[in-house]
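Fold and contact review
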Amino acid sequence: MAFRAQSPLLSALRSAQLARASVRFASTGAKPLTLKERLAELIPTEIEKVKQIRAEHGKKSFGPVLVDQLYGGMRGLPALIWDGSVLDAEEGIRFRGKSIPECQELLPKAPGGSEPLPEGLFWLLLTGEIPTQEQVKELSREWAARAAVPEFVEEILDRCPPTLHPMSQFSLAVTALNHDSAFAKAYQEGISKKDYWQSTFEDSMDLIAKLPNIAGTIYRNVFGDGKLPPIDPEKDYSHNLATLLGFDNEAFVELLRLYITIHSDHEGGNVSAHTGKLVGSALSDPFLAFGASLNGLAGPLHGLANQEVLIWLRKMQAKIGENASDEAVKEYVWSTLKAGQVVPGYGHAVLRKTDPRYTAQREFALKHMGNDPLFKLVAQVYSVVPDILLEAGKAKNPWPNVDAHSGVLLSHYGLTQMQFYTVLFGVSRAFGVAAQLIWDRALGAPLERPKSYSSDAIHKMFKQ
Ligand code: CMX
(Lines give C-alpha, C1' and ligand atoms only; values in the text may rest on other atoms or scores of the structure.)
Protein backbone atom coordinates (compact mmCIF):
# COMPACT_ATOMS: atom_id res chain seq x y z
CA MET A 1 0.00 0.00 0.00
CA ALA A 2 1.30 3.43 -0.92
CA PHE A 3 2.10 5.85 1.91
CA ARG A 4 -0.53 8.52 2.35
CA ALA A 5 0.55 12.05 3.19
CA GLN A 6 -0.22 12.67 6.87
CA SER A 7 -2.35 15.67 7.84
CA PRO A 8 -0.45 18.19 9.98
CA LEU A 9 -2.80 17.26 12.86
CA LEU A 10 -1.96 13.56 12.53
CA SER A 11 1.75 14.25 12.51
CA ALA A 12 1.39 16.49 15.59
CA LEU A 13 -0.47 13.66 17.35
CA ARG A 14 2.25 11.23 16.24
CA SER A 15 4.98 13.49 17.68
CA ALA A 16 2.96 13.62 20.91
CA GLN A 17 3.03 9.80 21.01
CA LEU A 18 6.76 9.79 20.38
CA ALA A 19 7.26 12.38 23.12
CA ARG A 20 5.26 10.14 25.47
CA ALA A 21 7.43 7.16 24.56
CA SER A 22 10.51 9.18 25.41
CA VAL A 23 9.46 9.44 29.05
CA ARG A 24 9.83 5.70 29.40
CA PHE A 25 13.22 5.86 27.71
CA ALA A 26 14.32 8.79 29.85
CA SER A 27 12.98 7.08 32.94
CA THR A 28 15.17 4.03 32.35
CA GLY A 29 18.28 6.21 32.62
CA ALA A 30 20.12 6.86 35.87
CA LYS A 31 17.89 9.68 37.11
CA PRO A 32 14.19 9.79 36.26
CA LEU A 33 12.84 13.03 34.88
CA THR A 34 11.25 15.44 37.34
CA LEU A 35 7.71 16.60 36.65
CA LYS A 36 8.95 19.98 35.45
CA GLU A 37 11.51 18.42 33.12
CA ARG A 38 8.87 16.12 31.65
CA LEU A 39 6.48 19.02 31.16
CA ALA A 40 9.17 21.03 29.41
CA GLU A 41 9.48 18.13 26.95
CA LEU A 42 5.73 17.88 26.35
CA ILE A 43 4.83 21.56 25.98
CA PRO A 44 6.27 22.27 22.47
CA THR A 45 4.37 19.31 20.99
CA GLU A 46 1.13 20.38 22.64
CA ILE A 47 1.54 23.95 21.38
CA GLU A 48 1.98 22.56 17.87
CA LYS A 49 -1.07 20.29 18.28
CA VAL A 50 -3.30 23.20 19.34
CA LYS A 51 -2.01 25.31 16.43
CA GLN A 52 -2.89 22.52 14.01
CA ILE A 53 -6.34 21.94 15.50
CA ARG A 54 -7.08 25.65 15.22
CA ALA A 55 -5.75 25.80 11.67
CA GLU A 56 -7.82 22.79 10.54
CA HIS A 57 -10.99 23.22 12.61
CA GLY A 58 -10.90 26.76 13.98
CA LYS A 59 -13.87 28.00 11.97
CA LYS A 60 -16.10 24.95 12.46
CA SER A 61 -19.26 25.26 14.55
CA PHE A 62 -20.33 23.20 17.56
CA GLY A 63 -23.99 23.95 16.78
CA PRO A 64 -26.42 26.62 17.87
CA VAL A 65 -26.36 28.56 21.14
CA LEU A 66 -29.85 28.61 22.63
CA VAL A 67 -31.30 31.64 24.37
CA ASP A 68 -32.15 29.26 27.25
CA GLN A 69 -28.42 28.63 27.73
CA LEU A 70 -27.81 32.36 28.27
CA TYR A 71 -30.47 32.47 30.97
CA GLY A 72 -29.80 28.94 32.25
CA GLY A 73 -26.30 29.14 33.69
CA MET A 74 -24.73 28.19 30.32
CA ARG A 75 -25.53 24.47 30.85
CA GLY A 76 -23.89 22.40 28.15
CA LEU A 77 -22.45 25.40 26.32
CA PRO A 78 -19.16 24.32 24.72
CA ALA A 79 -16.89 27.11 25.88
CA LEU A 80 -13.67 25.83 27.41
CA ILE A 81 -10.68 23.59 26.69
CA TRP A 82 -9.10 21.43 29.39
CA ASP A 83 -7.35 18.12 28.70
CA GLY A 84 -6.84 17.07 32.33
CA SER A 85 -10.27 15.57 32.93
CA VAL A 86 -13.49 15.08 31.02
CA LEU A 87 -16.94 14.49 32.53
CA ASP A 88 -19.41 12.21 30.78
CA ALA A 89 -23.02 12.63 31.90
CA GLU A 90 -23.60 8.88 32.10
CA GLU A 91 -20.22 7.55 33.10
CA GLY A 92 -18.75 10.33 35.24
CA ILE A 93 -15.23 11.65 35.43
CA ARG A 94 -12.12 10.41 33.65
CA PHE A 95 -8.73 11.86 34.49
CA ARG A 96 -6.72 11.95 31.26
CA GLY A 97 -8.92 9.15 29.95
CA LYS A 98 -8.73 7.04 33.11
CA SER A 99 -11.78 6.22 35.22
CA ILE A 100 -11.62 6.27 39.03
CA PRO A 101 -11.26 2.45 39.28
CA GLU A 102 -8.48 2.61 36.67
CA CYS A 103 -6.70 5.32 38.66
CA GLN A 104 -7.09 3.19 41.79
CA GLU A 105 -5.49 0.32 39.95
CA LEU A 106 -2.76 2.10 38.00
CA LEU A 107 -1.48 5.00 40.08
CA PRO A 108 1.36 4.37 42.54
CA LYS A 109 0.36 3.59 46.13
CA ALA A 110 2.04 3.95 49.49
CA PRO A 111 3.80 0.80 50.78
CA GLY A 112 1.03 -1.45 52.11
CA GLY A 113 -1.67 0.94 50.86
CA SER A 114 -4.37 0.29 48.31
CA GLU A 115 -5.56 3.81 47.41
CA PRO A 116 -3.80 5.98 44.80
CA LEU A 117 -1.35 8.63 45.94
CA PRO A 118 -2.57 12.11 44.91
CA GLU A 119 1.02 12.85 43.89
CA GLY A 120 0.52 10.38 41.04
CA LEU A 121 -2.81 11.91 40.11
CA PHE A 122 -1.17 15.35 39.81
CA TRP A 123 1.48 13.86 37.54
CA LEU A 124 -1.24 12.21 35.46
CA LEU A 125 -3.28 15.43 35.22
CA LEU A 126 -0.25 17.36 34.00
CA THR A 127 1.35 14.86 31.65
CA GLY A 128 -1.24 12.22 30.79
CA GLU A 129 1.24 9.63 32.05
CA ILE A 130 1.41 7.26 35.00
CA PRO A 131 4.53 8.14 37.01
CA THR A 132 6.90 5.66 38.56
CA GLN A 133 7.01 4.97 42.29
CA GLU A 134 10.30 6.88 42.41
CA GLN A 135 8.79 9.92 40.67
CA VAL A 136 5.90 10.18 43.15
CA LYS A 137 8.31 9.74 46.05
CA GLU A 138 10.32 12.69 44.71
CA LEU A 139 7.13 14.74 44.42
CA SER A 140 6.19 13.94 48.05
CA ARG A 141 9.66 15.09 49.12
CA GLU A 142 9.46 18.24 47.02
CA TRP A 143 6.08 19.21 48.47
CA ALA A 144 7.32 18.53 52.00
CA ALA A 145 10.33 20.77 51.31
CA ARG A 146 8.07 23.60 50.11
CA ALA A 147 5.46 23.20 52.88
CA ALA A 148 6.41 26.05 55.22
CA VAL A 149 3.93 28.93 55.37
CA PRO A 150 5.19 32.52 55.76
CA GLU A 151 4.91 33.77 59.33
CA PHE A 152 2.60 36.65 58.39
CA VAL A 153 0.12 34.17 56.86
CA GLU A 154 0.14 32.16 60.08
CA GLU A 155 -0.51 35.41 61.93
CA ILE A 156 -3.44 36.24 59.66
CA LEU A 157 -4.95 32.84 60.51
CA ASP A 158 -4.20 33.20 64.21
CA ARG A 159 -6.04 36.54 64.23
CA CYS A 160 -9.18 35.15 62.56
CA PRO A 161 -12.05 34.74 65.01
CA PRO A 162 -12.98 31.04 65.37
CA THR A 163 -16.44 32.07 64.23
CA LEU A 164 -15.10 33.00 60.76
CA HIS A 165 -15.97 30.08 58.49
CA PRO A 166 -12.95 27.84 57.77
CA MET A 167 -13.45 28.39 54.01
CA SER A 168 -13.16 32.18 54.43
CA GLN A 169 -9.99 31.68 56.47
CA PHE A 170 -8.67 29.29 53.80
CA SER A 171 -9.31 31.77 51.01
CA LEU A 172 -7.68 34.62 52.98
CA ALA A 173 -4.53 32.59 53.59
CA VAL A 174 -4.24 31.37 50.00
CA THR A 175 -4.74 34.88 48.62
CA ALA A 176 -2.05 36.21 50.99
CA LEU A 177 0.47 33.69 49.62
CA ASN A 178 0.55 35.90 46.53
CA HIS A 179 3.04 38.02 48.53
CA ASP A 180 5.78 35.56 47.42
CA SER A 181 4.46 34.66 43.98
CA ALA A 182 7.23 33.74 41.55
CA PHE A 183 4.90 34.49 38.62
CA ALA A 184 3.94 37.98 39.87
CA LYS A 185 7.63 38.79 40.42
CA ALA A 186 8.74 37.43 37.05
CA TYR A 187 5.93 39.33 35.32
CA GLN A 188 7.05 42.59 36.94
CA GLU A 189 10.55 41.83 35.74
CA GLY A 190 9.22 41.50 32.20
CA ILE A 191 9.52 37.78 31.41
CA SER A 192 8.55 36.62 27.96
CA LYS A 193 5.13 35.01 27.40
CA LYS A 194 6.74 31.72 26.46
CA ASP A 195 8.20 31.45 29.95
CA TYR A 196 4.97 32.14 31.88
CA TRP A 197 4.42 28.47 32.58
CA GLN A 198 7.67 28.02 34.47
CA SER A 199 6.96 30.45 37.31
CA THR A 200 3.28 29.34 37.25
CA PHE A 201 4.59 25.82 37.81
CA GLU A 202 6.72 26.99 40.76
CA ASP A 203 3.78 28.85 42.33
CA SER A 204 1.49 25.87 41.78
CA MET A 205 3.92 23.51 43.48
CA ASP A 206 4.23 25.96 46.40
CA LEU A 207 0.47 26.35 46.57
CA ILE A 208 -0.21 22.59 46.79
CA ALA A 209 2.70 22.09 49.19
CA LYS A 210 1.53 24.75 51.65
CA LEU A 211 -2.13 23.70 51.81
CA PRO A 212 -1.69 20.98 54.48
CA ASN A 213 -0.08 23.51 56.86
CA ILE A 214 -2.82 26.06 56.14
CA ALA A 215 -5.62 23.51 56.54
CA GLY A 216 -3.97 22.12 59.69
CA THR A 217 -3.62 25.60 61.21
CA ILE A 218 -7.27 26.45 60.51
CA TYR A 219 -8.46 23.13 61.92
CA ARG A 220 -6.40 23.39 65.08
CA ASN A 221 -7.13 27.09 65.61
CA VAL A 222 -10.88 26.64 65.27
CA PHE A 223 -11.35 23.22 66.86
CA GLY A 224 -8.15 22.45 68.80
CA ASP A 225 -5.22 23.94 70.69
CA GLY A 226 -3.64 25.76 67.72
CA LYS A 227 -0.38 23.77 67.85
CA LEU A 228 0.92 22.03 64.71
CA PRO A 229 3.39 19.12 64.50
CA PRO A 230 6.17 19.32 61.88
CA ILE A 231 5.93 17.84 58.37
CA ASP A 232 7.83 14.58 57.83
CA PRO A 233 9.81 14.85 54.55
CA GLU A 234 9.80 11.07 54.15
CA LYS A 235 6.01 10.75 54.32
CA ASP A 236 3.54 11.27 51.50
CA TYR A 237 1.29 14.32 51.16
CA SER A 238 -1.85 12.71 52.60
CA HIS A 239 0.04 11.25 55.54
CA ASN A 240 1.40 14.69 56.40
CA LEU A 241 -2.03 16.29 55.98
CA ALA A 242 -3.55 13.71 58.36
CA THR A 243 -0.79 14.32 60.93
CA LEU A 244 -1.24 18.08 60.73
CA LEU A 245 -4.96 17.62 61.38
CA GLY A 246 -4.08 15.40 64.35
CA PHE A 247 -4.99 11.97 62.94
CA ASP A 248 -2.60 9.02 62.90
CA ASN A 249 -4.95 6.22 61.88
CA GLU A 250 -3.62 4.57 58.68
CA ALA A 251 -7.15 3.95 57.40
CA PHE A 252 -7.85 7.70 57.67
CA VAL A 253 -4.66 8.39 55.69
CA GLU A 254 -5.87 5.95 53.01
CA LEU A 255 -9.19 7.77 52.99
CA LEU A 256 -7.42 11.10 52.42
CA ARG A 257 -5.46 9.59 49.50
CA LEU A 258 -8.69 8.48 47.85
CA TYR A 259 -10.51 11.69 48.86
CA ILE A 260 -7.91 14.04 47.34
CA THR A 261 -7.67 11.94 44.17
CA ILE A 262 -11.40 11.88 43.44
CA HIS A 263 -12.06 15.52 44.43
CA SER A 264 -9.10 16.93 42.48
CA ASP A 265 -10.74 17.80 39.20
CA HIS A 266 -14.13 17.56 37.49
CA GLU A 267 -13.44 18.91 34.00
CA GLY A 268 -13.18 22.64 33.33
CA GLY A 269 -16.69 24.03 33.66
CA ASN A 270 -17.54 23.56 37.36
CA VAL A 271 -17.54 26.71 39.48
CA SER A 272 -14.19 26.25 41.24
CA ALA A 273 -12.24 25.00 38.20
CA HIS A 274 -13.71 27.59 35.89
CA THR A 275 -13.22 30.44 38.38
CA GLY A 276 -9.54 29.54 38.71
CA LYS A 277 -9.14 29.49 34.94
CA LEU A 278 -11.04 32.74 34.47
CA VAL A 279 -9.09 34.67 37.11
CA GLY A 280 -5.83 33.12 35.88
CA SER A 281 -6.64 34.34 32.38
CA ALA A 282 -6.11 37.91 33.61
CA LEU A 283 -2.59 36.71 34.51
CA SER A 284 -3.45 36.86 38.19
CA ASP A 285 -0.96 34.48 39.81
CA PRO A 286 -1.99 30.96 40.97
CA PHE A 287 -2.56 32.11 44.57
CA LEU A 288 -5.01 34.83 43.50
CA ALA A 289 -6.65 32.50 40.99
CA PHE A 290 -7.04 29.62 43.43
CA GLY A 291 -8.22 31.97 46.22
CA ALA A 292 -11.06 32.88 43.86
CA SER A 293 -11.74 29.18 43.18
CA LEU A 294 -12.10 28.61 46.90
CA ASN A 295 -14.68 31.36 47.21
CA GLY A 296 -16.76 29.57 44.59
CA LEU A 297 -16.23 26.19 46.22
CA ALA A 298 -17.55 27.70 49.46
CA GLY A 299 -21.07 28.00 47.99
CA PRO A 300 -23.73 25.48 49.16
CA LEU A 301 -24.62 24.42 45.61
CA HIS A 302 -20.96 23.47 45.05
CA GLY A 303 -18.35 22.33 47.61
CA LEU A 304 -20.16 23.47 50.75
CA ALA A 305 -22.73 20.78 49.97
CA ASN A 306 -20.52 18.26 51.86
CA GLN A 307 -21.06 20.31 55.04
CA GLU A 308 -24.75 20.72 54.24
CA VAL A 309 -25.24 16.96 53.83
CA LEU A 310 -23.94 16.23 57.31
CA ILE A 311 -25.98 19.04 58.86
CA TRP A 312 -29.06 17.71 57.06
CA LEU A 313 -28.40 14.10 58.16
CA ARG A 314 -27.88 15.17 61.77
CA LYS A 315 -31.09 17.22 61.73
CA MET A 316 -32.90 14.22 60.29
CA GLN A 317 -31.53 11.95 63.03
CA ALA A 318 -32.57 14.48 65.67
CA LYS A 319 -36.08 14.60 64.23
CA ILE A 320 -36.81 10.94 63.40
CA GLY A 321 -34.25 9.18 65.60
CA GLU A 322 -31.66 6.53 64.75
CA ASN A 323 -32.68 3.36 62.91
CA ALA A 324 -35.74 5.13 61.54
CA SER A 325 -37.98 3.41 59.01
CA ASP A 326 -37.81 4.12 55.26
CA GLU A 327 -41.22 5.78 55.63
CA ALA A 328 -39.89 8.24 58.22
CA VAL A 329 -36.85 9.05 56.02
CA LYS A 330 -39.11 9.59 53.00
CA GLU A 331 -41.32 11.91 54.99
CA TYR A 332 -38.27 13.91 56.09
CA VAL A 333 -37.03 14.21 52.48
CA TRP A 334 -40.46 15.43 51.36
CA SER A 335 -40.51 17.97 54.19
CA THR A 336 -37.17 19.35 52.93
CA LEU A 337 -38.55 19.72 49.41
CA LYS A 338 -41.84 21.21 50.60
CA ALA A 339 -39.90 23.82 52.58
CA GLY A 340 -38.41 24.96 49.22
CA GLN A 341 -34.96 23.60 50.02
CA VAL A 342 -32.70 21.29 48.00
CA VAL A 343 -31.73 17.81 49.16
CA PRO A 344 -28.00 18.35 49.60
CA GLY A 345 -25.69 15.86 47.91
CA TYR A 346 -28.22 15.00 45.19
CA GLY A 347 -28.46 16.26 41.64
CA HIS A 348 -25.78 17.57 39.30
CA ALA A 349 -25.44 20.09 36.52
CA VAL A 350 -23.83 17.54 34.15
CA LEU A 351 -24.13 14.01 35.60
CA ARG A 352 -27.25 11.97 34.94
CA LYS A 353 -26.24 8.84 36.88
CA THR A 354 -24.84 8.07 40.34
CA ASP A 355 -21.54 9.93 40.60
CA PRO A 356 -18.64 7.41 40.44
CA ARG A 357 -17.00 9.51 43.16
CA TYR A 358 -19.98 8.59 45.35
CA THR A 359 -19.56 4.92 44.40
CA ALA A 360 -15.82 4.95 45.19
CA GLN A 361 -16.56 6.37 48.65
CA ARG A 362 -19.40 3.90 49.20
CA GLU A 363 -17.01 1.04 48.38
CA PHE A 364 -14.47 2.47 50.82
CA ALA A 365 -17.20 2.61 53.48
CA LEU A 366 -18.31 -0.97 52.81
CA LYS A 367 -14.69 -2.09 53.21
CA HIS A 368 -13.82 -0.07 56.31
CA MET A 369 -17.00 0.87 58.20
CA GLY A 370 -19.91 -1.27 57.03
CA ASN A 371 -21.62 -1.09 60.43
CA ASP A 372 -21.30 2.65 61.03
CA PRO A 373 -24.85 3.90 61.81
CA LEU A 374 -24.34 7.13 59.85
CA PHE A 375 -23.10 5.15 56.82
CA LYS A 376 -26.24 3.01 57.09
CA LEU A 377 -28.33 6.19 57.06
CA VAL A 378 -26.46 7.48 53.98
CA ALA A 379 -27.19 4.15 52.28
CA GLN A 380 -30.85 4.31 53.34
CA VAL A 381 -31.13 7.87 51.99
CA TYR A 382 -29.66 6.60 48.68
CA SER A 383 -32.40 4.00 48.52
CA VAL A 384 -35.23 6.53 48.89
CA VAL A 385 -34.17 9.96 47.57
CA PRO A 386 -33.88 9.27 43.80
CA ASP A 387 -37.50 8.07 43.57
CA ILE A 388 -38.71 11.09 45.52
CA LEU A 389 -36.77 13.54 43.33
CA LEU A 390 -38.16 11.79 40.25
CA GLU A 391 -41.67 12.03 41.64
CA ALA A 392 -41.17 15.70 42.57
CA GLY A 393 -40.28 16.10 38.88
CA LYS A 394 -37.90 19.05 38.94
CA ALA A 395 -34.32 17.80 39.31
CA LYS A 396 -32.85 16.58 36.02
CA ASN A 397 -30.59 14.20 37.92
CA PRO A 398 -32.06 12.43 40.96
CA TRP A 399 -28.81 10.59 41.81
CA PRO A 400 -26.23 11.34 44.51
CA ASN A 401 -23.09 13.35 43.85
CA VAL A 402 -19.69 13.27 45.57
CA ASP A 403 -20.86 15.36 48.54
CA ALA A 404 -23.56 12.90 49.60
CA HIS A 405 -20.91 10.53 50.93
CA SER A 406 -17.74 12.34 51.92
CA GLY A 407 -18.81 13.69 55.32
CA VAL A 408 -19.81 10.34 56.76
CA LEU A 409 -16.36 8.90 56.01
CA LEU A 410 -14.55 11.78 57.69
CA SER A 411 -16.90 11.71 60.64
CA HIS A 412 -16.33 7.95 61.12
CA TYR A 413 -12.65 8.63 61.87
CA GLY A 414 -13.44 11.44 64.30
CA LEU A 415 -13.30 14.43 61.97
CA THR A 416 -16.77 15.47 63.02
CA GLN A 417 -16.53 19.24 62.54
CA MET A 418 -18.54 19.58 59.34
CA GLN A 419 -17.73 23.29 58.85
CA PHE A 420 -14.23 22.05 57.99
CA TYR A 421 -15.23 19.55 55.30
CA THR A 422 -15.12 21.95 52.36
CA VAL A 423 -11.53 22.88 53.27
CA LEU A 424 -10.53 19.29 52.44
CA PHE A 425 -12.42 19.57 49.15
CA GLY A 426 -10.44 22.78 48.56
CA VAL A 427 -7.06 21.13 49.28
CA SER A 428 -7.98 18.50 46.69
CA ARG A 429 -9.34 20.92 44.08
CA ALA A 430 -6.00 22.78 44.09
CA PHE A 431 -4.53 19.82 42.19
CA GLY A 432 -6.89 20.26 39.24
CA VAL A 433 -6.90 24.07 39.22
CA ALA A 434 -3.10 24.24 39.44
CA ALA A 435 -2.66 21.73 36.60
CA GLN A 436 -5.05 23.74 34.47
CA LEU A 437 -3.29 27.05 35.22
CA ILE A 438 0.09 25.60 34.24
CA TRP A 439 -1.23 24.33 30.91
CA ASP A 440 -3.13 27.55 30.23
CA ARG A 441 0.03 29.58 30.62
CA ALA A 442 2.05 27.03 28.59
CA LEU A 443 -0.46 27.15 25.73
CA GLY A 444 -0.81 30.94 25.91
CA ALA A 445 -4.54 30.88 26.80
CA PRO A 446 -5.91 34.39 26.29
CA LEU A 447 -7.94 36.59 28.61
CA GLU A 448 -11.47 35.18 28.94
CA ARG A 449 -14.13 37.59 27.74
CA PRO A 450 -17.46 36.10 26.65
CA LYS A 451 -20.22 38.39 25.38
CA SER A 452 -23.20 39.30 27.55
CA TYR A 453 -26.53 40.49 26.11
CA SER A 454 -29.41 42.46 27.53
CA SER A 455 -32.90 40.93 27.57
CA ASP A 456 -34.04 43.79 25.30
CA ALA A 457 -31.39 42.85 22.76
CA ILE A 458 -32.57 39.21 22.78
CA HIS A 459 -36.17 40.37 22.41
CA LYS A 460 -35.32 42.60 19.43
CA MET A 461 -33.12 39.97 17.81
CA PHE A 462 -35.91 37.40 17.55
CA LYS A 463 -38.92 39.73 17.05
CA GLN A 464 -40.83 38.75 13.89
N1 CMX B 1 -33.05 18.83 45.64
C2 CMX B 1 -34.13 19.58 45.31
N3 CMX B 1 -34.26 20.21 44.14
C4 CMX B 1 -33.28 20.03 43.24
C5 CMX B 1 -32.17 19.24 43.49
C6 CMX B 1 -32.06 18.63 44.76
N7 CMX B 1 -31.00 17.91 45.12
N8 CMX B 1 -31.36 19.25 42.41
C9 CMX B 1 -31.96 20.05 41.50
N10 CMX B 1 -33.12 20.52 42.02
C11 CMX B 1 -34.03 21.49 41.40
C12 CMX B 1 -33.27 22.76 41.13
O13 CMX B 1 -33.14 23.56 42.31
C14 CMX B 1 -34.10 23.39 40.04
O15 CMX B 1 -35.22 23.99 40.65
P16 CMX B 1 -35.86 25.36 40.04
O17 CMX B 1 -36.33 24.99 38.67
O18 CMX B 1 -36.92 25.69 41.00
O19 CMX B 1 -34.75 26.36 40.00
C20 CMX B 1 -34.57 22.17 39.25
O21 CMX B 1 -34.46 21.04 40.14
C22 CMX B 1 -33.75 21.89 38.01
O23 CMX B 1 -32.38 21.85 38.39
P24 CMX B 1 -31.35 20.93 37.58
O25 CMX B 1 -31.30 21.43 36.18
O26 CMX B 1 -31.64 19.49 37.79
O27 CMX B 1 -30.00 21.21 38.37
P28 CMX B 1 -28.96 22.38 38.16
O29 CMX B 1 -28.02 21.99 37.06
O30 CMX B 1 -29.63 23.70 38.03
O31 CMX B 1 -28.21 22.37 39.56
C32 CMX B 1 -27.19 21.40 41.44
C33 CMX B 1 -27.30 21.36 39.92
C34 CMX B 1 -26.03 20.48 41.86
C35 CMX B 1 -26.85 22.83 41.87
C36 CMX B 1 -28.51 20.92 42.07
O37 CMX B 1 -28.75 19.57 41.71
C38 CMX B 1 -28.53 21.05 43.58
O39 CMX B 1 -28.87 22.13 44.08
N40 CMX B 1 -28.16 19.97 44.34
C41 CMX B 1 -28.07 20.04 45.78
C42 CMX B 1 -26.76 20.74 46.19
C43 CMX B 1 -25.55 19.86 45.91
O44 CMX B 1 -25.53 18.68 46.24
N45 CMX B 1 -24.51 20.46 45.32
C46 CMX B 1 -23.23 19.76 45.11
C47 CMX B 1 -22.97 19.42 43.63
C48 CMX B 1 -21.61 18.76 43.47
C49 CMX B 1 -20.49 19.75 43.75
O50 CMX B 1 -20.34 20.72 42.99
O51 CMX B 1 -19.79 19.59 44.76
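Here, every reference points to the structure presented above.
Just so it is clear, the structure is predicted and the values come from calculations on it, not from any experiment.

**What to know about helix 17 (residues 356-368)**
Compared with the 18 Å implied by 1.5 Å per residue over 13 residues, the 18 Å span of helix 17 between its first and last C-alpha is a close match. When helix 17 is considered as a whole, its buried residues turn out to be R357, Y358, A360, Q361, R362, F364 and A365. The inward-facing, buried residues of helix 17 contact strand 2 (92-95), helix 4 (100-106), helix 12 (250-263), helix 18 (373-392) and helix 19 (403-412).

**Considering the site of the ligand**
Among the 21 residues in the neighbourhood of the ligand, the closest are listed as A305, G347, A349, A395 and K396. Here the residues of the shell around the ligand are counted per class, giving ten nonpolar, eight polar and three charged.

**Remarks on the packing of helix 15 (residues 305-320) against helix 16 (residues 326-338)**
Packing of helix 15 against helix 16 brings their axes to within 11 Å, and their N-to-C directions diverge by 125°. Viewed along their axes, helix 15 and helix 16 adopt a mutual orientation that is oblique. The chirality of how helix 15 crosses helix 16 is right-handed. Between helix 15, through M316, K319 and I320, and helix 16, the contact on the second element is made entirely by A328, V329 and Y332. The residue makeup of the contact of helix 15 with helix 16, split by class, is five nonpolar, no polar and one charged.

**Section: the packing of helix 8 (residues 166-176) against helix 20 (residues 421-442)**
Axis separation between helix 8 and helix 20 bottoms out at 8 Å; the angle between their running directions is 35°. Between helix 8 and helix 20, the residues in contact are P166, M167 and F170 and T422, V423 and G426, respectively. For the contact of helix 8 with helix 20, the residue count by class is four nonpolar, two polar and no charged.

**Let's talk about the nonpolar core**
Among the nonpolar cores identified, the biggest contains 111 residues, and I208, A430, F431, A434 and I438 are the most heavily contacted of them. A per-element tally of this core places helix 20 first, with 14 residues. With residues near it in sequence (within four places) discarded, F431 still touches P118, L121, F122, L125, I208, I260, S264 and D265.

**A few points about helix 13 (residues 271-281)**
Residues three or four positions apart in an α-helix share a direction because the helix packs 3.6 residues into each turn. Burial analysis of helix 13 places eight of its eleven residues in the buried class, which makes it a mostly covered element. Within helix 13, burial applies to S272, A273, H274, T275, G276, K277, V279 and G280. The secondary structure elements touched by the buried residues of helix 13 are helix 14 (286-297) and helix 20. Remark: L283 follows helix 13 within two positions and exhibits a positive phi of approximately 65°.

**Focus on the pairing of strand 2**
The side chains of a regular strand alternate between both faces of the sheet. Pairing geometry for strand 1 (residues 85-88) and strand 2, over four bridges, is antiparallel. By the bridge assignment for strand 2, S85 is matched with F95. In this antiparallel pair of consecutive strands, strand 1 and strand 2, the connection spans three residues.

**Points about unusual backbone geometry**
Working note: non-glycine residues mostly have negative phi, and peptide bonds are mostly trans. The backbone phi angle of R96 is positive, close to 45°, even though this residue is not glycine. If you trace the backbone, R96 turns up in the loop between strand 2 and helix 4. Given 20 C-beta atoms within 10 Å, R96 falls into the buried group. Not every positive phi belongs to a glycine, and N323 is a case in point at roughly 50°.

What counts, and where the lines are drawn
Residues numbered from 1 in each chain as written. Predicted model: local features only at pLDDT ≥ 70, side-chain atom pairs only at ≥ 80, totals over all residues. Helix = DSSP H or I, 4+ residues; strand = E, 2+ residues; numbered from the N terminus. Expected span 1.5 Å × (residues − 1). Buried ≥ 20, exposed ≤ 12 C-beta atoms within 10 Å, placed from the backbone. Contact = placed C-beta atoms within 7 Å. Near = placed C-beta within 6 Å. Nonpolar A, V, L, I, M, F, W, Y, C, P; charged D, E, K, R; others polar. Axes fitted to C-alpha atoms, helices over the stretch in contact; angles between N-to-C directions. Parallel < 35°, antiparallel > 145°, perpendicular 65-115°, else oblique. Left-handed = near helix turned anticlockwise from the far one by under 90°. Core = buried A, V, L, I, M, F, W, Y, C linked by C-beta atoms within 7 Å. Pairing = 2+ DSSP bridges.

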